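Here are the chains, one letter per residue:
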Amino acid sequence: MNEYRHHIQTKGSYQIVALTRDSEYQEDEIYAYAVMSSSGVKLRQELTLDGAQIWLDDWIIKELLASGTDSPDMMSPSRPAELSGLRAGRKRR
């Protein structure tokens, strides 16, 4: 079985691709979505685009927390509280 990857989204150094069995992209032929590293390694496969996006957001948060980096440039603006580790309404001391 052949697997073809069709770029959907880039976030930081990661990509989300749609997986099909045909080289031509047709939305109704997508059987899964994969999160790919910059080196082309498939990190995760999900059945839905939402599932792949959520998994990638969580992966990036874990990666940033492990490195001690506070840079939100790879994150979408919809999840900044999780990145900073702060609850809304609290000040950092």
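Up top is the structure these notes are about.
This structure is a prediction, so every number in the text was calculated from the model and none was measured. (Residues numbered from 1 in each chain as written. Predicted model: local features only at pLDDT ≥ 70, side-chain atom pairs only at ≥ 80, totals over all residues. Heavy atoms only, no water.)

## Concerning the environment of Ala34
Keep this limit in mind: Numbering of helices and strands runs from the N terminus; a helix is a DSSP stretch of H or I covering at least four residues, while a strand is a stretch of E covering at least two. Should any heavy atoms of two residues lie within 4.5 Å, those residues are counted as being in contact.
Within the secondary structure layout, Ala34 lies in strand E3 (residues 32–36). Dropping the residues within four chain positions of it, Ala34 is found in contact with Gln15, Ile16, Val17, Leu19, Lys42, Arg44 and Gln45.

## Let's talk about a nonpolar patch on the surface
Quick note on the threshold: A patch consists of residues exposed above 30% relative accessible area that lack any salt bridge, with like charges linked at up to 9 Å and nonpolar side chains (Val, Leu, Ile, Met, Phe, Trp, Tyr) linked at up to 5 Å. Where accessible areas are quoted, they stem from the Shrake-Rupley method and a 1.4 Å probe; at the residue level, only the protein chains shown are allowed to cover. Here, a salt bridge means any Lys or Arg side-chain nitrogen found within 4 Å of an Asp or Glu carboxyl oxygen.
Together, Val41, Leu43 and Trp59 line one region of the surface with nonpolar side chains, adding up to about 240 Å² of accessible area. Position of Leu43 among the secondary structure elements: in strand E4 (residues 42–46).

## Let's talk about the nonpolar core
Nonpolar side chains tend to gather and get buried jointly when the protein is soluble and globular. Inclusion rule: By nonpolar core we mean a set of buried residues, namely Ala, Val, Leu, Ile, Met, Phe, Trp, Tyr and Cys, connected to one another through side-chain atoms within 4.5 Å. Throughout, exposure labels follow a simple rule: accessible area from a 1.4 Å probe, protein chains only, divided by the maximum for the residue type, with under 20% read as buried, over 50% as exposed, and the rest as partly exposed.
Listed in full, the eleven residues of the largest apolar core are Tyr14, Ile16, Ala18, Ile30, Tyr33, Val35, Ala52, Trp55, Leu56, Ile60 and Leu64. For this core, the secondary-structure elements that each account for two or more residues are strand E2 (14–20), E3 and helix H1 (49–67). The dominant element in this core, judged by the number of residues it contributes, is H1, at five residues. Those residues within four positions of Tyr33 in sequence are excluded, and the remaining contacts are Ile8, Ile16, Val17, Ala18, Arg44, Gln45, Glu46, Leu47, Thr48, Leu49 and Ala52. One finds Val17, Tyr31, Ala32 and Ala34 within the second-largest nonpolar core, a separate group that totals six residues.

## A short note on the packing of aromatic side chains
Heads up, the condition is: Pairing of aromatic side chains requires ring centres within 6.5 Å, counting the rings of Phe and Tyr and the six-membered ring of Trp. Pairs whose planes differ by under 30 degrees are stacked, by over 60 edge-to-face, and all others tilted. Here, a charge over a ring is recorded when the distance from Lys NZ or Arg CZ to the ring centre is within 6 Å and its angle to the ring normal is within 35 degrees.
Counted under the stated rule, the structure contains one aromatic pair. Ring centres of Trp55 and Trp59 lie 5.1 Å apart, and the angle between their planes is 20°; this geometry places the pair in the stacked category. One end of the pair is Trp55 and the other is Trp59, both in helix H1 and four residues apart, which spans about a single turn. Residue classification places Trp59 among the partly exposed positions, given a relative accessible area of 34%. In this structure, Arg21 packs its charged tip against the face of Tyr31, placed 4.2 Å from the ring centre.

## Looking at the pattern of salt bridges
For the structure on display, the rule yields four salt bridges. Two residues, Glu3 and Arg5, come together in a salt bridge whose shortest N-O distance is 3.9 Å. The partly exposed category is assigned to Glu3, whose relative accessible area is 31%. Among the salt bridges present, the one from Lys42 reaches Glu3, with a minimum N-O distance of 3.2 Å.

## Some points on the sheet that holds E2
Just so we agree on the cut-off: Each pair of strands is called paired provided DSSP finds at least two bridges between the two strands. Helix axes are fitted to C-alpha atoms over the stretch in contact, other axes to C-alpha atoms as well, and angles between N-to-C directions run from 0 to 180 degrees.
Taken in spatial order, the four strands of this open sheet run E1-E2-E3-E4, and their pairing is antiparallel. Looking at strand neighbours, the two that pair on one side only are strand E1 (4–11) and E4, the edges of this open sheet. Each neighbouring strand pair of the sheet contributes to a mean axis angle of 25°, computed without reference to strand direction. Most of the contacts of H1 go to E2, to which it runs at about 155°, and overall it touches E1, E2, E3 and E4.

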